[in-house]
Amino acid sequence: MSLLLRGGLVVTQDEKRRVVSGDVLLDDERIVAVGDIDRSAENVIDCSGCAVLPGFINLHQHVANTLLRGVADDVPLEEMLPKASAIDAKLTRRDVQIGALLGCVEMIRSGTTSFHDLFYWEDEVARAVRESGMRGFLSWVTLDEAFTTQHGSPLKNADAFVAKQKDDPLVTPSVGVQGVYVASEETYAKAKEIADRRDVRLHTHLSETRGEVEAHRKKTGLRPVEWLEKIGFLGERVTAAHCTWITMNEVRALARCGVSVAHCPVSNMKLASGGVAPVPEMLEAGVIVGLGTDSPISNNGMDVFADMKIAALLHKSTRWDARIMPAQTVLDLATIHAARALHVEREIGSIEVGKRADLAVVSLKGAHTTPFYPESVIRHLVYSGRGSDVQATIVDGKVLMAGGVVRTVDESDVIARAQETARELFEA
Ligand SMILES: [Zn+2]
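A few points on the structure.

Some thoughts on the overall build of the protein
Scanning the protein from N- to C-terminus turns up 15 helices and 17 strands. At 21 Å, the protein has a C-alpha radius of gyration in line with the 22 Å of a compact globule built from 428 residues. Each of the three principal axes of the protein carries a C-alpha extent, and together these read 65 × 45 × 40 Å. A sequence separation of at least 24 residues applies to 73% of the contacts in the protein between residues at least 6 apart.

Some words on helix α6 (residues 210–220)
It helps to recall that an α-helix has 3.6 residues per turn; residues three or four apart then point in one direction. Along α6, the residues that are buried comprise E212, V213 and H216. Looking straight down α6, one finds its buried side chains confined to an arc of 95 degrees; they lie on one side. Residues of α6 that are exposed and point more than 90 degrees away from the buried face comprise E214 and K218. Its buried side turned inward, α6 meets α7 (224–230). In the segment just after α6, G221 is the residue with positive phi, at about 85 degrees.

Side note on the environment of K218
Take K218: it is sitting in helix α6. Owing to 8 C-beta atoms within 10 Å, K218 belongs among the exposed residues under this scheme. Sequence separation of K218 and P280 is 62 residues, and the distance between their C-alpha atoms is 29 Å.

Parameters at a glance
- Residues numbered from 1 in each chain as written.
- Predicted model: local features only at pLDDT ≥ 70, side-chain atom pairs only at ≥ 80, totals over all residues.
- Helix = DSSP H or I, 4+ residues; strand = E, 2+ residues; numbered from the N terminus.
- Rg over C-alpha atoms; globule rule 2.2 N^0.38 Å.
- Contact = placed C-beta atoms within 7 Å.
- Buried ≥ 20, exposed ≤ 12 C-beta atoms within 10 Å, placed from the backbone.
- Arc of directions from axis to C-beta.

Structure follows, in structure tokens:
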């Protein structure tokens, strides 16, 4: 089926970062033309007064935790994790599925088309992904059995999950590891063995807090990045979330090993992790960095517009340098760089002929985005844009939302079921 996005300001995020006034034509799941298009299509979306963007790729997320939104505010990570685990232990498969579906609706509403998730029961998240029409890069989390709330062995569960999810353009399975504080050398080695054998990616938390880094140094004599390099875990398959407390030597190790990083500034700030991830240094060293919202417990939303603005401001503010982390760089983190981080930049992350059609149509007609000029559109999106400006969200050529109405799922039903599920969880 063909679809024409007519008369928008197309923020391509291509190699030259061109912004083009014109149209985007889709044929089934692919982009087939960009620019002035003199062809009709079966369906047309009027994009006048709107920017057309590649959909955001949220590079680190725990989507089912929408149900835990607000349960551990105003406390540090060390207090948040036990609260989260206590509720985690009570979650059923059905809870995870409804939590994931709620998160998918929230992301569709705010222009995110792909997300990189770290959780257990990822088969339930996969079900929500398929129902909502989003694209999920889903990592089944592993950790030492002594620490897990999962039923059965986390490593066996991850292996079985990866084996089952095959040949689905919307679901890409991978293996996760929670972090060095709950995963031994053996767990990391076995997770890597599964990923190598199944030819899938790895996803882990890394050097999020000073406490984690210091405890690991006391235990092993090495900082987490150094230790993971020594045990042979680091490599091009790995995306590491946070990397807040890392030295320049560790930045170079990440670059040397081809590890990509999910920067999660809102989560780090809310949990008062204290450090600021050295993102400008990582980019300078050649580390691929994308942007993640992290869990709805520690953010509390999934509006990538908000996180782009905060990412820019955090680095400017702490370095007393207004020029650092400009809007274009931040938009890159949320789109094409995140695609590169997952090694899918040939398929998604920019608006180019031949790529999969994952797009967001964003109104620039609001009071808070007026006046706008074509030359300021990227700065407008980063500093003034809001998730609620998104008019349409498209994944693989399928319209998931248009005119502000989610089409793939019944939004009010999802919200009602999530509210009821959360009430049962907290009453029990
Ligand atoms: Zn996380």
